[in-house]
Amino acid sequence: MSERMSEVVHDTLDPTVRLSYGADEILVRTTTPYQDVVLLDNERFGRVLLLDGATQLTTADEFIYHEMLAHVPIFSHGDVRDVLIIGGGDCGLAEEVLKHKDIRRVVQVELDPCVVDLSRRYLDEINAGVFADERFQLNIHDGATFIDGMAERFDLVLVDSTDPVGDACKLFSAQFYKNVRRCLRMRGILVVQAGVPFLQPEDFSSAMRNLASVFRYPSCYLLASPSYVGGHLALGWASDSISPAAVSLDVIKARHAKANLKLR
């Protein structure tokens, strides 16, 4: 049940900085076995999803994060067919990946079924097409455990995780990256959510060191999203075959034009 109230909800990602949302309506407030979940309506940002007090997405600006996480590696690779997504229970990332007609299969592994259920109910404007797409396969499972020993191979692995707290810490470890590397095809690419370097310098540095200890070409690229405060958010890039600097802007533009996607 939703509850009508005049309330302020705080993002608690950094104890020294406070971002607050005026909640026109609290749609969901619950605690699952894995995390605290709040979903609210805000006049500026639309629907806002917070997990353990940290902003995960808003319907007003989610396209920035999801488009950058999905399409940069897909256009850089040039022949992505099979994609594995770890996390991303709102399914906005899967929706972006599935815009590519050449994608054969998207396997998504999400730990918390509550996030998927509430996202299907309240965030259908960003994910409605996903659940009707036969290429989409959802697994409710711990991502680190799921990939450990998995024999399948993918062209692209995307880690759309929460910050490295609790169960999510495993998704930033060198061992996890080693398991991902084993599951990538020869030209495969891994892209991970690596935090806001200004507010999370230790988390960002640790993720990049771990990527560099496993992959030949570790790098990162940046995005600016209003709801992710503290400056740019970093997306960590790793591959044994493809350096992001090796793919020219002209090639990216040509692949983007050929795909004919409606991106923002």
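Refer to the preceding data block for the structure.
Small disclaimer: the values here were computed from a predicted structure and weren't measured.

In this section: the sheet that holds strand S3 (residues 25–31). Strands sit in the order S3-S4-S5-S6 across an open sheet of 4 strands; the sheet is antiparallel. Only two strands of the sheet have a single partner each, and these edge strands are S3 and strand S6 (54–58). Within the sheet, the average angular offset between the axes of one strand and its neighbour, ignoring direction, is 20°. Sheet analysis places strand S4 (residues 36–42) next to strand S5 (residues 46–51), joined by 6 bridges and oriented antiparallel.

In this section: the side chain of Ser119. On the secondary structure map, Ser119 appears in helix H3 (residues 113–122). What makes Ser119 buried here is its relative accessible area of 0%. Residues contacting Ser119, with those up to four places away along its chain left out, are Gly89, Asp90, Asp124 and Asn127.

Take the environment of Ser248 next. Within the fold, Ser248 resides in the loop between strand S13 (233–239) and helix H8 (249–259). Ser248 sits 48 residues away from Gln200 along the chain, and the two C-alpha atoms are 30 Å apart. Polar contacts involving the side chain of Ser248 include one to the main-chain amide nitrogen of Val251, which spans 3.2 Å.

At a closest axis distance of 9 Å, the pairing of helix H1 (residues 62–77) and H8 adopts a crossing angle of 105°. Accordingly, the angle class assigned to the pair H1 and H8 is roughly perpendicular. The segment H1 lies against H8, with Phe75, Ser76 and His77 engaging Ile252, Arg255, His256 and Ala259.

What follows covers the packing of aromatic side chains. All told, the structure shown has 5 aromatic pairs when counted by the stated rule. Pairing Tyr21 with Phe45 gives two aromatic rings, centres 5.8 Å apart and planes at 85°, and the pair type is edge-to-face. Here Tyr21 is found in strand S2 (residues 19–23), whereas its partner Phe45 is found in the loop between S4 and S5, with 24 residues between them in sequence. Of the residues examined, Tyr21 reaches a relative accessible area of 1% and is grouped as buried. Judged by centre distance (5.9 Å) and plane angle (90°), the rings of Phe131 and Phe136 are edge-to-face.

About the criteria used
Residues numbered from 1 in each chain as written. Predicted model: local features only at pLDDT ≥ 70, side-chain atom pairs only at ≥ 80, totals over all residues. Heavy atoms only, no water. Pairing = 2+ DSSP bridges. Helix = DSSP H or I, 4+ residues; strand = E, 2+ residues; numbered from the N terminus. Axes fitted to C-alpha atoms, helices over the stretch in contact; angles between N-to-C directions. Buried < 20%, exposed > 50% of the residue type's maximum accessible area, 1.4 Å probe, protein only. Contact = heavy atoms within 4.5 Å. Polar contact = N/O pair within 3.5 Å; in protein donor to acceptor, adjacent residues only side chain to side chain. Parallel < 35°, antiparallel > 145°, perpendicular 65-115°, else oblique. Phe/Tyr/Trp six-rings, centres within 6.5 Å; stacked < 30°, edge-to-face > 60°.

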